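Chain by chain, the residues:
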Amino acid sequence: MADPEPRHLAALLLTLTVVTGIVDAVSFLGLGRVFVANMTGNVVFLGFAAAGETTLSVLASLTAVLAFLAGALAGGRLARREDDYDALRQATAVQAALIAVAVVLAAALGATTRLGGELLIVVLGLAMGLQNAAVRRIGAPDLTTTVLTMTLTGFAADSKAAGGPGSHPLRKVAAVGAMLVGAFAGGLLHLHVAMWVALTLALVLVLGVLTALHRPRRKAAR
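By convention here, each chain's residues receive numbers from 1 onward along its written sequence. Restriction of local features to residues with pLDDT of at least 70 applies here, the model being predicted, together with a cutoff of 80 or more for giving and counting side-chain atom pairs; totals for whole chains, interfaces and linings are based on all residues. By convention in this description, side-chain values take in all heavy atoms of the structure and omit both hydrogens and water.

Participant: What am I meant to see in the overall build of the protein here?
Facilitator: Strands here mean DSSP runs of E at least two residues long; helices mean DSSP runs of H or I at least four residues long; both are numbered from the N terminus. The number of helices and strands found in the protein is eight helices and zero strands. In sequence order, the secondary structure elements of the protein are arranged as α-α-α-α-α-α-α-α. Taking all 222 residues of the protein together, 46% fall into the buried category. In the protein, the share of contacts with a sequence separation of at least 24, taken over all contacts with a separation of at least 6, comes to 71%. Computed with the Shrake-Rupley method and a 1.4 Å probe, the accessible areas treat only the protein chains shown as cover for residues. Accessible surface for the protein amounts to roughly 10900 Å². Of this, 67% is attributable to carbon and sulfur atoms. With a 1.4 Å probe rolled over the protein chains alone, any residue whose accessible area is under 20% of its type maximum counts as buried; one over 50% counts as exposed, and the rest are partly exposed. Pairs of residues are marked as contacts when any of their non-hydrogen atoms sit within 4.5 Å.

Participant: Looking at this structure, I do not really get the packing of helix α6 (residues 149-157) against helix α7 (residues 169-192). What am I missing?
Facilitator: Axes here refer to lines fitted to C-alpha atoms; in helices the fit is confined to the stretch in contact. Angles between the N-to-C directions go from 0 to 180 degrees. Contact geometry of α6 with α7 gives a least axis separation of 10 Å together with a crossing angle of 145°. Between α6 and α7 the crossing geometry is left-handed. Contacts from T151, L152, G154 and F155 of α6 reach α7 at P169, K172, V173, A175 and V176. Here the residues of the contact of α6 with α7 sort into six nonpolar, two polar and one charged. It is the rotation of the near helix from the far one that decides the hand of a crossing: anticlockwise by less than a right angle makes it left-handed, clockwise makes it right-handed. Any residue that is not Ala, Val, Leu, Ile, Met, Phe, Trp, Tyr, Cys, Pro, Asp, Glu, Lys or Arg is counted as polar, Gly included; the first ten are nonpolar and the last four charged.

In structure tokens form, the structure reads like this:
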């Protein structure tokens, strides 16, 4: 079975990085200052909330972490039954279904009710946990689709200015740019149009990745 070429794979992972920016913009701006993809932020938020910061919700952050862990667990089990790219294809298919559910929930319930907000956190957390587990199995350097701290560290520490090899600087910059573009687009649509529209953009991008992942398989079958 054919797998995506490295250049094509990088483009797909950058697209998923844009998706991360979109969904985290929606969750932070619309679901009570919580992230559904970047778990470092939620752990810090839990500490702030426990210290008495009243604008943060222990329940929301804890729900996001647990949903993300459940998604990552499912993605990890899937990755152990399939090869790397089949696992990514299947995880992306489930992720698309979950984001589609989130679009419906956002359009029908929004985040105006506590139930609607919590359900959106759970569904999106599951989706992003799946994405991260599948991408982690592939192990593409600097393209985790979520964590930028090590990407930025590598950009500086591995640069020629620091005496390093300066490997893949454009890829590192592209990863940061993709997250920024996703956060901007998600924030813009959520703030000025509607939450469900921002999530629909994320869904369209995930479906595009899924379609691209299936093309090598169809070509190999022929």
